[in-house]
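Observations on the model geometry
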Amino acid sequence: MNIKNYLLSKLIDTLSVEDSFFYKVKFEKKVKLSDEIIAFNYKKYAPFKNPLIVNRMEKNDLYLWFYEKNIKAKIIIPEAYLLFDALKEKYPNNLLFIETLSSFIVLVIKNGILENSYSALDEEKTFIAMELNKYNLSSFQKIDKNEYLKIKEQSLKSVSFKDVYKWSSFKVEPNKLIPTVVNFIAYPFAFLLFFIMAVESYHLNEVKKKLDLVEHQYSLIKSKNDDVREKINLQTKKEEKWIAFAQRELPYVSSIETFLSISKAFSKKDFTFTSFSIMGSKVKITVKTKEDFIEGITLLNNIKGLKNVALKSSSKKRETASYEATLEKGIFW
């Protein structure tokens, strides 16, 4: 599992079709609604009291998923949307019956738009005919559970940080988002550092895009421009601070990559590791081999990121040799 997928797995949970109720609203033109306005106007359509809501606006269509059970995840993505997003290009006008482990998920897609989604217990032909007639569709497609599991897994892997930001119900500044993430996730400090820098960089790019739009539309309103510029300066200073920290605290090339490079080089010859250590910038290796000990020095000198390679000790009788080298600087550049 790569770093991105590990982080997202800690932040995201899916809302199953079985545990949710879908409702769609179509507007004549594109509108922007806050979560509070959506809850006030549309919670009455939920089949239960005091519903929790996940929403998604796409062009002129507002997708709503109501649910009762509180989910602890910071970001909730409906399972129905993941499946719809993965299948809409292949099946733009279809009634889909997707077999799960215990039931069926029904997706109604028309003109590439999700019209309905719900859970069904069986595949009744009369019911299918009624749904096709209701939505004026002619195509029906069944997807087996193995394909369902594959689609769901691939959809989750393809979720990006930008998608997470769109699904997030807490649109806050990064300085408020980061403490939330830190309190929720436990992982090595280096991974946390990479994540923070990614969030800061992404948000900085978003602010810059908004600045270009504001300058184009409101070039005469200097006070607003100054306010946006101040935010960009603050974000730039934060990014510079983290880069400086990384240069100071993590100055050396990746120890994991160095180990893999040495292992790959030595595996081509008759060398067997008996010990391997990296402390700070110092690399120490002990091997057992019938090869010429000088061959080990040649192999190490050809590995990018190592310098000052030396043979510290050797024994032809025991067929052992010990080497030392120094890591070069440059983890980020």
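**So, the sheet that holds strand 4 (residues 61–67)**
Read across the sheet, three strands follow the order 2-4-3 without closing on themselves; strand pairing throughout is antiparallel. Only two strands of the sheet have a single neighbouring strand rather than two, namely strand 2 (21–26) and strand 3 (52–58). Direction aside, neighbouring strands of the sheet carry axes that sit 20 degrees apart on average. Where strand 2 and strand 4 come together, six bridges link them in antiparallel fashion. If you follow Tyr-23 over to strand 4, its bridge partner there is Leu-64. Against the sheet, helix 2 (residues 35–42) engages strand 2, strand 3 and strand 4, with an angle of about 75 degrees to strand 4.

**Description of unusual backbone geometry**
A positive phi angle is found at Asn-111, which is not glycine, with a value near 55 degrees. By the secondary structure assignment, Asn-111 is in the loop between strand 7 (104–110) and strand 8 (113–120). When its relative accessible area of 58% is taken as the criterion, Asn-111 is described as exposed. Positive phi is not limited to glycine here, since Glu-319 has a value of about 60 degrees. Following the sequence through the fold, Glu-319 ends up in the loop between strand 12 (306–315) and strand 13 (320–327).

**Section: the pattern of salt bridges**
Opposite charge on two side chains allows them to pair when their charged atoms are near. Enumeration over the complete set of coordinates arrives at eight salt bridges. The partner of Glu-206 in a salt bridge is Lys-209, and the shortest N-O contact between them spans 3.9 Å. Of this pair, Glu-206 and Lys-209 both sit in helix 8 (residues 189–217), separated by three residues, roughly a single helical turn.

**Structural notes on the confidence of the model for the protein chain**
Looking at the protein chain, the pLDDT average stands at 81 and 83% of residues meet or exceed 70. Within the model, pLDDT remains below 50 along residues 170–174, and this stretch shows 13 contacts once partners closer than five positions in the same chain are excluded.

**Some points on the packing of aromatic side chains**
Under the counting rule described, the total for this entry stands at 20 aromatic pairs. Each ring, one from Phe-259 and one from Phe-276, has its centre 4.8 Å from the other, and the planes form 75 degrees; the classification is edge-to-face. Here the residue Phe-259 occupies a position in helix 10 (residues 255–267), and Phe-276 occupies one in strand 10 (residues 271–279), the gap between them amounting to 17 residues. Judged by relative accessible area, which is 34%, Phe-259 ranks as partly exposed. An aromatic cluster of three or more residues is present, and its members are Phe-22, Tyr-63, Trp-65, Tyr-81, Phe-84 and Trp-167.

**Some details on the environment of Ile-303**
Looking at the element boundaries, Ile-303 is found in the loop between helix 11 (293–301) and strand 12. Linking Ile-303 and Ser-261, residues 42 residues apart in sequence, is a C-alpha distance of 6.8 Å. Excluding residues that lie within four positions of it along the chain, Ile-303 makes contacts with Ser-261, Ile-262 and Ala-265.

So, how was this worked out
Residues numbered from 1 in each chain as written. Predicted model: local features only at pLDDT ≥ 70, side-chain atom pairs only at ≥ 80, totals over all residues. Heavy atoms only, no water. Pairing = 2+ DSSP bridges. Helix = DSSP H or I, 4+ residues; strand = E, 2+ residues; numbered from the N terminus. Axes fitted to C-alpha atoms, helices over the stretch in contact; angles between N-to-C directions. Contact = heavy atoms within 4.5 Å. Buried < 20%, exposed > 50% of the residue type's maximum accessible area, 1.4 Å probe, protein only. Salt bridge = Lys/Arg side-chain N within 4 Å of Asp/Glu carboxyl O. pLDDT = per-residue confidence, 0-100. Phe/Tyr/Trp six-rings, centres within 6.5 Å; stacked < 30°, edge-to-face > 60°.

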